[in-house]
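Spelled out from the first residue to the last, the chains are:
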Amino acid sequence: MRVGMPLEYSGGFRETVADLVEYESAGLQIVFVPEAYSFDAVSQLGFIAARTRTVEIASGIMQLFTRTPTLTAMTAAGLDHVSGGRFTLGIGASGPQVIEGFHGVPYDAPLGRTREVVEICRQVWRREKVSFSGRYYQIPLPADRGTGLGKPLRLINHPVRADIPIMIAAIGQRNVALAAELADAWEPLFYLPERAADMWGDALARGTAARSPNLRPLDVVAGAHLAIGDVDDLLHVARQQAALYIGGMGARGRNFYNDLAVRYGYEREAATIQDLYLSGRKEEAAAAVPDDLVRSTNLIGPRETIAERLTALAAAGVTTLNLTPVAPERAQRIRDIALVREMVGEIAEA
């Protein structure tokens, strides 16, 4: 398993990027930069590429509704260029609250758009003259929708790689099947290894059956909060994030993460968390998150427990870890990443 982490810069972006040098030395292999309705990911990824040497960089994730497919492809090729071939394009549909509420564009057909964006990106990276007639994207623009002067063009530059890895964030059954069919990597959320086969096994099998043999094996990226030692007091960090997603990330009746909690068997708890969160009682919502869900989907506890959880993740097919170190001291956060890298090596040798 590769060891990665998302970029967290509550203490300052430049300071956090400077710390990445030490994380690299500790064994960090990939860093993911999010993009919700915050600063854009692209400018930060370019800065990180210039300040690091070996760590891979990934968007985690860029929303596919907010850029044209060709701009997404150009951006990925540019980041792969400035990083010397270290970039992974992470994309996802996000949700209607962000896409319609912040960007002001319709949240429609996320599956169909994802498929078409992936196909167009790969066409651009192969430096073909881009010509695409899809249901959602037509390139060049048809004459009856514009001036009629558009013509197929190819990317001017030669990309470092024509097969830049694409990661799709997905938890719904059809989205997961699509990721298994088309993507190089799949990133779920709240990944519970003991339940992964029940939750997504059929969807992964359907997608894999349609997968091109030219694609590399699917990289499964699982996220978790990380703290090693006598650190039960840090479980509240993971509990608060779970409450945010299960309770507040989406509208009542259309919250993908709440649906996931229900599928995990926490229907009553998911309803309570959402009721509390949407009424503004966020601390109570966090307290209502089941303890076993928090512990089983994170890496917070003594080293022996972390080793057991890492073994379970590896057995479930996880190949990349996206870990958020939450220890209060910077030195301990770096040590925790180093310890995980060490334990992952021991599991691989076992």
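As a starting point, this report considers the structure included with it. Predicted model, so just to flag it, every value in this text is computed and none were measured.

## Looking at the nonpolar core
Ranked by size, the top nonpolar core spans 96 residues in total, and within it Trp125 and Trp200 carry the most contacts. For Trp125, the contacting residues outside a window of four places in its chain are Ala73, Ala76, Ala77, Leu89, Pro159, Arg161, Ala162, Ile164 and Ile166. Within the second largest apolar cluster, 7 residues are counted, among which are Ile30, Ala58, Ile61 and Met167.

## Focus: the pattern of salt bridges
Per the stated rule, a full pass over the model turns up 22 salt bridges. Here Asp184 makes a salt bridge to Arg216, at a shortest N to O gap of 2.7 Å. Placement of the pair is Asp184 in the loop between helix H6 (173-182) and strand E9 (185-187) and Arg216 in the loop between helix H7 (196-209) and strand E10 (219-228), with a sequence separation of 32 residues. By relative accessible area, Asp184 is classed as buried at 5%. For Arg303, the salt bridge identified is with Glu342, shortest N-O distance 2.9 Å. With Arg303 in helix H13 (residues 303-315) and Glu342 in helix H14 (residues 330-349), the pair connects residues that are 39 residues apart, well separated along the chain. Among the residues examined, Arg303 registers a relative accessible area of 29% and is labelled partly exposed. Here Glu342 falls in the partly exposed class, since its relative accessible area comes to 40%. A network of salt bridges, in which partner residues are shared, links Arg122, Asp163, Asp184 and Arg216.

## So, the pairing of strand E3 (residues 56-59)
Sheet topology note: the strand E2 (residues 30-33)/E3 ladder contains 4 bridges and is parallel. Looking at the pairing, Val33 lines up with Ser59 of E3. Remark: the E2/helix H2 (residues 41-51)/E3 crossover connection has right-handed handedness. Relative to strand E5 (residues 87-92), E3 is paired through 2 bridges, and the arrangement is parallel. Bridge assignment links Ala58 to a residue of E5, and that residue is Thr88.

## Quick look at the side chain of Asp219
Of note, Asp219 is situated in strand E10. On the accessibility criterion, Asp219 (15% relative accessible area) is buried. For Asp219, the side chain forms a polar contact with the side chain of Arg2, separated by 2.7 Å. At a separation of 2.4 Å, a polar atom in the side chain of Asp219 contacts the side chain of Thr319. Excluding residues within four positions of it along the chain, Asp219 makes contact with Arg2, Asp184, Ala185, Trp186, Thr319 and Thr320.

## Remarks on unusual backbone geometry
Residues Gly60 and Ile61 are joined by a peptide bond in cis, for which omega reads 5 degrees. Relative to the helices and strands, Ile61 is located in the loop between E3 and strand E4 (62-63). The backbone phi angle of Ser94 is positive, close to 60 degrees, even though this residue is not glycine. The backbone of Phe190 shows a phi angle near 55 degrees, a positive value even though the residue is not glycine. The topology assignment puts Phe190 in the loop between E9 and H7.

## Quick look at the environment of Arg53
The residue Arg53 is located in the loop between H2 and E3 in this model. Judged by its relative accessible area of 68%, Arg53 falls in the exposed class. Not counting residues within four places of it along the chain, the set of residues in contact with Arg53 comprises Glu24 and Arg86.

## Regarding the pairing of strand E1 (residues 2-6)
Counting buried positions over the 5 residues of E1 gives 4, a clear majority of the element. Sheet topology note: the E1/E2 ladder contains 3 bridges and is parallel. Opposite Gly4, over in E2, you have Ile30 as the bridge partner.

Rules of the game
- Residues numbered from 1 in each chain as written.
- Predicted model: local features only at pLDDT ≥ 70, side-chain atom pairs only at ≥ 80, totals over all residues.
- Heavy atoms only, no water.
- Core = buried A, V, L, I, M, F, W, Y, C linked by side-chain atoms within 4.5 Å.
- Buried < 20%, exposed > 50% of the residue type's maximum accessible area, 1.4 Å probe, protein only.
- Contact = heavy atoms within 4.5 Å.
- Salt bridge = Lys/Arg side-chain N within 4 Å of Asp/Glu carboxyl O.
- Helix = DSSP H or I, 4+ residues; strand = E, 2+ residues; numbered from the N terminus.
- Pairing = 2+ DSSP bridges.
- Right-handed = clockwise from strand over helix to strand, strands pointing away.
- Polar contact = N/O pair within 3.5 Å; in protein donor to acceptor, adjacent residues only side chain to side chain.

Keep in mind these numbers describe shape, not what the thing actually does.
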